[in-house]
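# Breakdown of the fold
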Amino acid sequence: MRLDKYLKVSRLIKRRTLANEVADAGRVLVNDKPAKASYAVKVGDVIEITFGNRPVKVRVLAVEEPKGKDVARELFEVIEQPSQS
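Attention here is on the structure that accompanies the text. (Residues numbered from 1 in each chain as written. Predicted model: local features only at pLDDT ≥ 70, side-chain atom pairs only at ≥ 80, totals over all residues. Heavy atoms only, no water.)

### A short note on the sheet that holds strand E1 (residues 28-30)
Sheet strands pair by backbone hydrogen bonding; their relative direction is either parallel or antiparallel. Across the sheet, five strands lie side by side as E2-E1-E3-E4-E5; this open sheet has antiparallel pairing. In this open sheet, the two edge strands, each paired with only one partner strand, are strand E2 (33-34) and strand E5 (76-80). Judged from the four bridges that link them, strand E4 (residues 54-60) and E5 form a sheet pairing that is antiparallel. The partner of Val58 across the bridge, within E5, is Val78. (Pairing = 2+ DSSP bridges. Helix = DSSP H or I, 4+ residues; strand = E, 2+ residues; numbered from the N terminus.)

Below is the structure:
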């Protein structure tokens, strides 16, 4: 699955066009390397997304498209997230 589509179906980013723009702007790292929107996501990849100055790091657990909204959170696990202060 493409990176931009994965970010959308996992609900890390709400719209695929926005996911595409964020990836192509260099604000998404996969395994500590900048990744384009067309990158093929694999199970075990570590994705780091920078929202403003707050990076969020997740590990990919599955890449198949979820059947409903409630299972989107099962596609990844959060590794690092900055504290809300």
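### A word on unusual backbone geometry
If a residue is not glycine, its phi is most likely negative; likewise, a peptide bond is most likely trans. Non-glycine residue Arg11 carries a positive phi angle of around 65°. Along the chain, Arg11 turns up in the loop between helix H1 (3-9) and helix H2 (16-24). The phi dihedral of Asn31 is positive, around 55°, even though this residue is not glycine. The exposure class of Asn31 is partly exposed, given its relative accessible area of 35%. (Buried < 20%, exposed > 50% of the residue type's maximum accessible area, 1.4 Å probe, protein only.)

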